[in-house]
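One letter stands for each residue in the lines below.
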Amino acid sequence: MSKFAAKIYAPDYEPRERHPAIFRLFDSLKPGEVMELTNDHDPRPLHYQFMMERPDQFTWEYLEEGPEIWRVAIGKK
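Residues numbered from 1 in each chain as written. Predicted model: local features only at pLDDT ≥ 70, side-chain atom pairs only at ≥ 80, totals over all residues. Heavy atoms only, no water.

### Here's the deal with the packing of aromatic side chains
Moving on, step 1. By the definition in use, this model includes 5 aromatic pairs.
Moving on, step 2. Between Trp60 and Tyr62, the aromatic rings sit 6.1 Å apart at their centres with planes inclined by 80°, giving edge-to-face as the arrangement.
Moving on, step 3. A relative accessible area of 15% means that Trp60 is categorised as buried.
Moving on, step 4. According to the relative accessible area criterion, Tyr62 is partly exposed, its value standing at 24%. (Phe/Tyr/Trp six-rings, centres within 6.5 Å; stacked < 30°, edge-to-face > 60°. Buried < 20%, exposed > 50% of the residue type's maximum accessible area, 1.4 Å probe, protein only.)

See the structure below:
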């Protein structure tokens with residue numbers, strides 16, 4: 001069984017839908033659950049958005065850092 005409660009592959013979404021979809025998925029997590037985000041570029045802007053919109057509610061751990069694939073474990077506190 002996966003350690004992730006949910007997974008999302010960002011390139012599957014239109015650019016304008018990407019961050020809203022990721023936040024919807026994050027918001028559906030229970031405290032202590034972790035989602036896996038996979039992207040085709042460094043999701044640093046998303047990390048900043050999390051810091052602004054969900055301060056102290058999440059953990060962020062890079063699992064893979066390019067050059068073609070970035071994977072991040074985003075946990076809900």
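### Section: the packing of helix H1 (residues 15-28) against helix H2 (residues 44-53)
Moving on, step 1. Closest axis-to-axis distance for the H1/H2 pair is 12 Å, and the angle between their directions is 50°. Here H1 lies oblique to H2, going by the angle between them. Considering only the axes of H1 and H2, their crossing is right-handed. In this structure, H1 contributes His19, Ile22, Phe23 and Phe26 to the contact, and H2 contributes Pro45, Leu46, Gln49, Phe50 and Glu53.
Moving on, step 2. A breakdown of the residues in the contact of H1 with H2 according to their chemical character gives 6 nonpolar, 2 polar and 1 charged. (Axes fitted to C-alpha atoms, helices over the stretch in contact; angles between N-to-C directions. Helix = DSSP H or I, 4+ residues; strand = E, 2+ residues; numbered from the N terminus. Parallel < 35°, antiparallel > 145°, perpendicular 65-115°, else oblique. Left-handed = near helix turned anticlockwise from the far one by under 90°. Contact = heavy atoms within 4.5 Å. Nonpolar A, V, L, I, M, F, W, Y, C, P; charged D, E, K, R; others polar.)

### Description of the nonpolar core
Moving on, step 1. Within the largest apolar cluster, 16 residues are counted, with the highest numbers of intra-cluster contacts made by Met35, Leu37, Phe50 and Ile74.
Moving on, step 2. Leaving out residues up to four positions away in the same chain, Leu37 has contacts with Ile8, Ala10, Ile22, Pro43, Leu46, Trp70, Arg71, Val72 and Ile74. (Core = buried A, V, L, I, M, F, W, Y, C linked by side-chain atoms within 4.5 Å.)

### A closer look at the environment of Phe4
Moving on, step 1. By the secondary structure assignment, Phe4 is in the segment before strand S1 (6-9).
Moving on, step 2. Among residues more than four places away in sequence, those in contact with Phe4 are Val34, Met35, Glu36, Leu63 and Ala73.

### Notes on the pattern of salt bridges
Moving on, step 1. Scanning the entire structure with this criterion turns up 7 salt bridges.
Moving on, step 2. Here Arg54 makes a salt bridge to Asp27, at a shortest N to O gap of 2.7 Å. Taken as a pair, Arg54 in the loop between H2 and strand S3 (58-65) and Asp27 in helix H1 lie far apart in primary sequence, 27 residues in all.
Moving on, step 3. Three or more residues are tied together by salt bridges with common partners; here these are Lys7, Glu36, Glu64 and Arg71. (Salt bridge = Lys/Arg side-chain N within 4 Å of Asp/Glu carboxyl O.)

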